[in-house]
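Each chain, letter by letter, is given below.
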Amino acid sequence: MIVYEVNLFVRREAEAEYRAWLGAHVAQILALPGFTGARILEREDPPAQDGEVALCVQYELRDAAALDAYLREHAARMRADGEARFGGRFRAERRVLRSLSPD
């Protein structure tokens, strides 16, 4: 299993609108091949910078091939939607984690 983690730093003035959009955005991604689950979390520690809220989305994928397909075929479009709606009011950092536990 692969975890694709997206850490989001959202300006407080956009928080309510961003959270509303984020749920639908995650649902769209979960409809893509290879995604098996996701959770949206609010980071508590370390705390967000002043004027921001820190969110984390952890997507679970079947395998590395599914992540590669997402990054190649869908990621640019999905990221562009967030930029078009919230450009300058959030930033994102991403990382990929591989499970060492048997699935």
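All values reported here derive from a predicted model rather than from experimental measurement. Here, residues in each chain are numbered from 1, in the same order as that chain's written sequence. At least 70 in pLDDT is required for a residue's local features to be given in this predicted model, at least 80 for side-chain atom pairs to be given and counted, and no such filter applies to totals for whole chains, interfaces and linings, which use all residues. The side-chain quantities take in all heavy atoms of the structure and omit both hydrogens and water.

A. How the structure looks around the packing of helix 2 (residues 64-73) against helix 3 (residues 75-86). Convention adopted: a line fitted to C-alpha atoms gives each axis, helices being fitted over their contacting stretch, and angles between N-to-C directions are expressed from 0 to 180 degrees. Under the scheme used here, helices are H or I runs from DSSP no shorter than 4 residues and strands are E runs no shorter than 2 residues, and both carry numbers assigned from the N terminus. One way to put it is that helix 2 packs onto helix 3 with a least axis distance of 4 Å and a crossing angle of 60 degrees. With respect to their mutual orientation, helix 2 and helix 3 come out oblique. Residues Tyr70, Leu71 and Glu73 of helix 2 pack against Ala75, Met78 and Arg79 of helix 3. Tallied by class, residues from the contact of helix 2 with helix 3 come to 4 nonpolar, no polar and 2 charged. An angle below 35 degrees is treated as roughly parallel, one above 145 as roughly antiparallel, one from 65 to 115 as roughly perpendicular, and anything else as oblique. Any two residues whose heavy atoms approach within 4.5 Å are treated as being in contact. Gly is put with the polar residues, along with every residue not named as nonpolar or charged; the nonpolar set is Ala, Val, Leu, Ile, Met, Phe, Trp, Tyr, Cys and Pro, and the charged set is Asp, Glu, Lys and Arg.

B. Examining helix 3 more closely. In a helix, the anticipated span is given by 1.5 Å times the number of residues less one. Spanning 12 residues, helix 3 covers 17 Å between terminal C-alpha atoms, matching the ideal 16 Å at 1.5 Å per step. Restricting attention to buried positions, one finds in helix 3 the residues Ala75, Met78, Gly82 and Phe86. One side of helix 3 carries all its buried residues, which in axial view fall inside an arc of 80 degrees. Opposite the buried face of helix 3, at more than 90 degrees from it, the exposed residues are Ala76 and Ala84. Directly after helix 3, the chain includes Gly88, whose backbone phi takes a positive value near 85 degrees. The buried label applies to any residue whose accessible area, calculated with a 1.4 Å probe on protein chains only, is under 20% of its type's maximum; exposed applies above 50%, and partly exposed to all values in between. The arc in question is the one spanned by the directions pointing from the helix axis to the C-beta atoms.

C. Region of interest: the sheet that holds strand 4 (residues 90-98). At least two bridges found by DSSP between two strands is the condition for calling them paired. In spatial order, the strands read 2-3-1-4; together these 4 strands make up an open sheet with antiparallel pairing. Of all the strands in the sheet, the pair left with one neighbour each is strand 2 (35-42) and strand 4. When the angles between neighbouring strand axes are averaged without regard to direction, this sheet yields 15 degrees. Against the sheet, helix 1 (residues 15-30) engages strand 1 (2-11), strand 2, strand 3 (52-61) and strand 4, with an angle of about 5 degrees to strand 3.

D. View of the side chain of Glu15. For Glu15, the position within the fold is in helix 1. Residue contacts for Glu15: discarding those within four places in its chain leaves Val10 and Val53.

E. Highlighting the pairing of strand 3. Most of strand 3 sits inside the fold, with 9 of its 10 residues counted as buried. Summarising the sheet, strand 2 and strand 3 pair through 7 bridges and their orientation is antiparallel. The residue of strand 3 that forms the bridge with Arg39 is Gln58.

F. How the structure looks around the pattern of salt bridges. Here, a salt bridge means any side-chain nitrogen of Lys or Arg that lies within 4 Å of a carboxyl oxygen of Asp or Glu. Scanning the model with the defined rule gives 11 salt bridges in all. Arg12 is the partner of Glu15 in a salt bridge, and the nearest nitrogen-oxygen pair spans 3.0 Å. A residue is classified by how much of its surface remains accessible, and Arg12, at 44% relative accessible area, is partly exposed. Sharing partners across several salt bridges, the network here consists of Arg12, Glu15, Arg19 and Glu42.

G. Structural detail: the environment of Gly34. Residue placement: Gly34 occurs in the loop between helix 1 and strand 2. What makes Gly34 buried here is its relative accessible area of 9%. For Gly34 and Asp50, which are 16 residues apart along the polypeptide, the C-alpha to C-alpha distance reads 37 Å. Beyond its immediate chain neighbours, meaning those up to four positions away, Gly34 contacts Glu60, Leu61, Arg62 and Ala66.

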